[in-house]
Amino acid sequence: MEWGDLRIFLAIAREGTLGAAARKIGQTQPTMGRRLRALEQALGQTLFQRTADGFVLTDEGTAVLAHAERIEEEAIALQRQATGTETQLDGTLRLSSSDWFGTVMLSPVIAAFGKRHPKVVVELLTDARLYSLPRREADLVFRIKPFDEPEVISRKLLHIPYGLYGKKGSKPPRAGDGSGVRIVTMNAEFSDMPDAVWLKRTLPKAEIASRSNNRQAQAELCAGGGGLAVLPRPLGDRDRRLVALDIGASPPGRDTYVGYHRDLRRLARLRALLDLVIEKLAEARP
């Protein structure tokens, strides 16, 4: 059995089709199929049921999946440990954050870091997905929820205040009412976020004009006259098309946390970037 074939197997199990798995790991579809057949022959088992909708694990495949994932975890742990001993400032760092935080807060820091350490390539991933530190999907993660994984080293970075915004020239609505007001808020998946709950409670009679889980999209909708929106102050205050509205109450802010895997604590380029992030952002804490 070729150990590399387990990587092929895992990709197919996770993606569901040969084509998607091939794109995921940079192989051709015929190569993926050939490697899978070789693995099945080596094990003497049929690992997938081929269906019109894709590949479905058989019982034997499900059993192999558990072992393959453990082998993958050990390989990633070995890579982390080896990487964590590097001392030279070159290579790649992968960061994960929300859309607006990456654009407004991190991009200037990354630009400054690039001037100091031009041989380090920083990848910034901005979406709603929570990237895994143990699986090396990201090296440094910024998020609004504390980290509870035992292998992750983390700290509170800063507190972000939020405000209610409208298109420039908008008048503050009356708190506790909201009649005749249109609002831009979070989509249903994130409707329990503190600012969305606050907006619904503060302007109960307001009409929902649109929803989005993207703060920058909310800011654009708000600036275009699509409705009032609760936005992070660093995002809303920098947009001259918007005005902060004082209605006698402020929406709740959010804490931002940063974390990295403990195996990377001696990685020089990660330490250098983290130190700069703390220097530029943590001291700005209200």
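For the structure given in this document, a descriptive report is provided here. Just so it is clear, the model here is predicted, and its values are computed rather than measured.

**Some words on the packing of helix α5 (residues 99-116) against helix α9 (residues 268-281)**
Now for step 1: Where α5 meets α9, the axes come as close as 10 Å, and the angle between the chain directions of the two elements is 125°. Here α5 lies oblique to α9, going by the angle between them. Handedness of the α5/α9 crossing: right-handed. Across from F101, M105, L106, V109, A112, F113 and R116 in α5, the residues of α9 making contact are R269, A272, L273, L276, V277, E279, K280 and L281.

**Quick notes on the environment of V141**
Now for step 1: Of note, V141 is situated in strand β5 (residues 140-143).
Now for step 2: Put simply, V141 and V258 are 117 residues apart on the chain and 5.6 Å apart in space, counted from C-alpha to C-alpha.
Now for step 3: Not counting residues up to four positions away in its chain, the partners in contact with V141 are S96, Y131, L133, F147, Y257, V258 and G259.

**Considerations on the environment of P108**
Now for step 1: Note that P108 resides in helix α5.
Now for step 2: Residue P108 is classed as partly exposed on the basis of its relative accessible area, which comes to 48%.
Now for step 3: C-alpha of P108 to C-alpha of T126: the two residues are 18 residues apart in sequence and 15 Å apart in space.

**A few points about helix α2 (residues 18-25)**
Along an α-helix, residues three or four apart share an orientation, since each turn contains 3.6 residues.
Now for step 1: With six of eight residues buried, α2 is to be regarded as a mostly interior element.
Now for step 2: Within the span of α2, buried status applies to L18, G19, A20, A21, A22 and I25.
Now for step 3: Those residues of α2 hidden inside the fold are in contact with α1 (3-15), α3 (29-43) and β2 (54-57).
Now for step 4: With its phi angle positive at about 75°, G26 sits one or two positions after the end of α2.

**Regarding the environment of K145**
Now for step 1: Among the secondary structure elements, K145 is positioned in the loop between β5 and β6 (152-160).
Now for step 2: On a C-alpha basis, the gap between K145 and R254 in space is 9.1 Å, while along the polypeptide they are 109 residues apart.

**Comments concerning the sheet that holds strand β7 (residues 162-167)**
Now for step 1: Taken together, five strands build an open sheet; the order of strands is β9-β8-β10-β7-β11 and the sheet is mixed. Across the chains shown, the open sheet's two edge strands, defined by having one partner strand only, are β9 (207-211) and β11 (242-244). Pairwise comparison of adjacent strand axes, ignoring direction, gives a mean angle of 40° for this sheet.
Now for step 2: Summarising the sheet, β7 and β11 pair through three bridges and their orientation is antiparallel. Counterpart to Y165 in the pairing with β11 is A244.

**Here we look at the pattern of salt bridges**
Now for step 1: Within this structure, the stated rule accounts for 14 salt bridges.
Now for step 2: Close ionic contact of R94 with E123 constitutes a salt bridge, the shortest N to O distance being 3.0 Å. One end of the pair, R94, is in strand β3 (residues 91-97); the other, E123, is in strand β4 (residues 120-126), with 29 residues separating them in the sequence.
Now for step 3: Overall, R94 belongs to the partly exposed group, its relative accessible area being 32%.
Now for step 4: On the basis of relative accessibility, which here comes to 30%, the residue E123 falls in the partly exposed class.
Now for step 5: The residue E207 makes a salt bridge to R182 at a minimum N-O spacing of 3.3 Å. Here R182 lies in strand β8 (residues 182-185) and E207 lies in strand β9, a separation of 25 residues in the sequence.
Now for step 6: Each of the salt bridges in this network shares a partner with another, and the network as a whole consists of R14, E69 and E72.

About the cut-offs
- Residues numbered from 1 in each chain as written.
- Predicted model: local features only at pLDDT ≥ 70, side-chain atom pairs only at ≥ 80, totals over all residues.
- Heavy atoms only, no water.
- Axes fitted to C-alpha atoms, helices over the stretch in contact; angles between N-to-C directions.
- Helix = DSSP H or I, 4+ residues; strand = E, 2+ residues; numbered from the N terminus.
- Parallel < 35°, antiparallel > 145°, perpendicular 65-115°, else oblique.
- Left-handed = near helix turned anticlockwise from the far one by under 90°.
- Contact = heavy atoms within 4.5 Å.
- Buried < 20%, exposed > 50% of the residue type's maximum accessible area, 1.4 Å probe, protein only.
- Pairing = 2+ DSSP bridges.
- Salt bridge = Lys/Arg side-chain N within 4 Å of Asp/Glu carboxyl O.

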